[in-house]
Structures are given as structure tokens and as C-alpha cells.
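Tertiary structure, described
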Amino acid sequence: MYDYVIVGAGSAGCVLAHRLSADPSVRVLLLEAGGPDSSPFIHTPAMMGFLPDGAFDWRYRTVPQLHCNMRRFPWPRGRTLGGSSSINYMIYIRGHAADYDHWAELGNKGWSYREVLPLFKKSEHNERMEDRYHGRGGPLNVADHRFRHPLSEMFVDAAQAAGISPNPDFNGATQEGCGFYQLTQKDGVRWSTASAFFARPSRARISPSSPMRSPVGSASRAGARWESSTFAAASRPGPTPPGGAPVRRQHQLPAAPHALRRRARRASAGGGRRRGRGLARSGSESPGPSRDLSPHRDHGARLTLRRHPRAARGGAGRV
Ligand SMILES: Cc1cc2nc3c(=O)[nH]c(=O)nc-3n(C[C@H](O)[C@H](O)[C@H](O)COP(=O)(O)OP(=O)(O)OC[C@H]3O[C@@H](n4cnc5c(N)ncnc54)[C@H](O)[C@@H]3O)c2cc1C
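What counts, and at which threshold
- Residues numbered from 1 in each chain as written.
- Predicted model: local features only at pLDDT ≥ 70, side-chain atom pairs only at ≥ 80, totals over all residues.
- Heavy atoms only, no water.
- Buried < 20%, exposed > 50% of the residue type's maximum accessible area, 1.4 Å probe, protein only.
- Helix = DSSP H or I, 4+ residues; strand = E, 2+ residues; numbered from the N terminus.
- Pairing = 2+ DSSP bridges.
- Right-handed = clockwise from strand over helix to strand, strands pointing away.
- Phe/Tyr/Trp six-rings, centres within 6.5 Å; stacked < 30°, edge-to-face > 60°.
- Lys NZ or Arg CZ within 6 Å of the ring centre and 35° of its normal.
- Core = buried A, V, L, I, M, F, W, Y, C linked by side-chain atoms within 4.5 Å.
- Contact = heavy atoms within 4.5 Å.

Moving residue by residue along a regular strand, the side chains alternate between the two faces of the sheet. Here strand S2 (residues 28-31) shows a buried face lined by Val28 and Leu30 and a second buried face lined by Leu29 and Leu31. Note: strand S1 (residues 2-7) against S2, four bridges, orientation parallel. For Val5, the partnering residue across the bridge sits in S2 and is Leu29. Handedness of the S1-helix H1 (residues 11-20)-S2 crossover: right-handed.

To continue, consider the packing of aromatic side chains. All told, the structure shown has eight aromatic pairs when counted by the stated rule. Between Phe41 and Phe50 the ring centres are 6.1 Å apart and the planes differ by 85 degrees, which places this aromatic pair in the edge-to-face class. Residue Phe41 is classed as partly exposed on the basis of its relative accessible area of 39%. Feature note: the residues Tyr100, Trp103, Trp111, Tyr113 and Phe120 constitute an aromatic cluster, connected by ring pairs. The ring of Phe180 has Arg148 lying over it, and the distance from NZ or CZ to the ring centre is 3.9 Å.

Right, let's talk about the nonpolar core for a bit. Counting 18 residues, the largest nonpolar core has Ile6, Cys14, Val28, Leu30, Leu140 and Phe198 as its most contacted members. Of all the secondary structure elements, the ones that give two or more residues to this core are S1, H1, S2, strand S6 (140-142) and helix H6 (193-197). Sequence-distant contacts of Cys14, defined by excluding residues within four places in its chain, comprise Ala9, Gly82, Thr193, Ala194, Phe197 and Phe198. Residues Tyr100, Tyr113, Val116 and Leu117 belong to the second largest nonpolar core, which totals five residues.

As C-alpha cells, this is what we get:
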């Protein structure tokens, strides 16, 4: 018997499971469509370039982009324990304080920067700082780079020489300036939300018989009271949870936003016929998240530098 069913063991899902299961009387079922996060590719930061579009990615594609000659682009989203935090670039960056305040002004209770800051600090273990903006002792390890490439140092120096002020902390008083990001890493390895919030004590609190990695599509067969078609667009049939997944307090917490967006689109296309039944779903269904979605593009540039032939002969050549 579960009190909460969390769909998606990504960044949000792992945090929710951790917080809810802190109360020993509460039983939490965390469902994840992807497989385990045991691959060294996930945990070795230098391998991060291989993760998008790889085995732990849903491999979504955008719709044809009007301003890019109608090309479609990859839109990576993690599909494993830890979700996108297991394939992301590990930059520890919070939103802008003014954005949180704006969301609060729009009527979202508890979202002002003053209110979210203590929660950021509570989650954090910052290896370098403990101050007004940063916490120590939380599960999410935040570290400085262990290695800085000389070219990166030169780039930051050049930015400062050009008049951009140095900023040693992009999650502090201001986000403006130039410097080096801090990272969600510990001892040189990725510190995903699964590593941080779903580690030993917390994993033990989540029911040991719970199918933490089973796709949600299997849950209806196992007894959880919503239709498998609710998330069918994003899940595959998989193992049935041992003993089923009856829900005591009847709460379903969807923590797989991209799956929800797809579902919202399907529901609106189908007149909402595919809605889940019998579970109180925390949150609301709104076209907003779909409509306002604006992923940032990430482009790599490769420069090849060659010695000028005259320089090679000992003359004053250019590169
Ligand atoms: C390549 C890349 C680089 C990034 N770099 C950074 C960075 O450096 N810094 C930063 O702050 N942010 C970065 N981000 C963004 C950040 O990682 C995400 O915003 C964040 O992890 C999203 O968390 P989430 O809980 O909303 O979703 P996710 O972490 O994606 O979790 C959703 C989970 O739900 C699961 N799921 C989906 N459908 C179902 C279903 N039907 N049944 C069961 N489970 C399901 C998924 O498999 C996934 O595990 C990056 C993202 C990507 C993809």
C-alpha cells in the first residue's frame, strides 16, 4: 500500500521521493521508465559529450524550426535513474531571483526568491562557500572544477580585460559577469539527483519491493489506479510491480514534465478522453508549459589552428 506514486525518477522525482519518504510512516512508489544509472559513461564527467542522443536519452526531435531552414534538432531528455541530471552538463545554476519574484507576483505562492532560497541552501553542500546564498550539509554536492584548461583561463582573463566584471559565484548576489561555473560533482564524478537524493538511506526508505525502474505503463496491470494509456506515449510495457501498487492516500505526482506535455497535447487533441481515473493528481493541467516551452540551443564550434608556412620557416607568420 503506497501513499504516493511518483512518476519519473528524474531531478524532481528523486527530490520528491527523498522528501516524502523522510517521514517513515509514508510509503512512496517511484516509477522510472529508463534503466539503471550504473554506466560509467553517466558518472564520468569527461564522457558527457556521449550522453545526449545516446542510450540514456529519450531522443526527442524538435518540430521543424522555421528560422533554421525547417531543420529538426535533437532535444535531449534523460531516460534513466536521475533523469536529465544523469546526462546534463552538471553546471550548478539557479534561476534568476527576479524570475522567482515574478512567478510569485503572478500568484504562485511560495515561489518568491526569498522563499525558495532557504530550500536551495537546505539541499546544497557547497564545498567552497557557506554564506547568505549557499548551504553546507545538504545532499546535493556542489564543487569547483578540479581541472581548468589553460584556454578556459585565458578566455575568462580576456573577458575581464574587455571590461566584463569577474563573478566568482553565479548563484550569489548577481548572475552577471564572467568566471567559472560550479558543478554538481563530488570527488570528480557526476552528482546527479539520483546520487544526491536517492542514495543509500533514502533508497532504503523507498519500499524495497517497489519497482523503482519499471515503466509506468505496467502499473495499471499491477493495480495502480490510473490508465496505462495516461503515459503510453512515453512508456513501454515492462515488468509488473511485485504485489501490485495500490495507493493509500491516492496521490499521483507526475515528475516527468516532457511526458506530461506530450500527454496534454494528446488529451487536447482527443478531447481529454485519455485522462487518468481514480487518483488525485497533484498539480494542474494547463496548456502553458507546452506553449511557453523554449529550450536553449547548444552549439559547439571546432577551430583548427595551423602554423603559417612562413612561421614554420622561421619568418613572422600568422596563425
Ligand atoms: C544535455 C543536457 C544538458 C543540461 N545541462 C544542464 C546544466 O548544466 N545545468 C542545469 O542546471 N541544467 C541542465 N540541464 C537541464 C536539467 O538537467 C533539467 O532541467 C532537469 O534535470 C529536469 O528535471 P525534471 O525532473 O523536470 O525532468 P527529468 O530529470 O528529465 O526527469 C524526468 C524523468 O521521468 C522519466 N519518465 C518520462 N516518462 C515517463 C513515464 N511515462 N513513466 C515513468 N517515467 C517516465 C524520465 O525517464 C526521466 O527519468 C541539461 C539538460 C540536458 C538534457
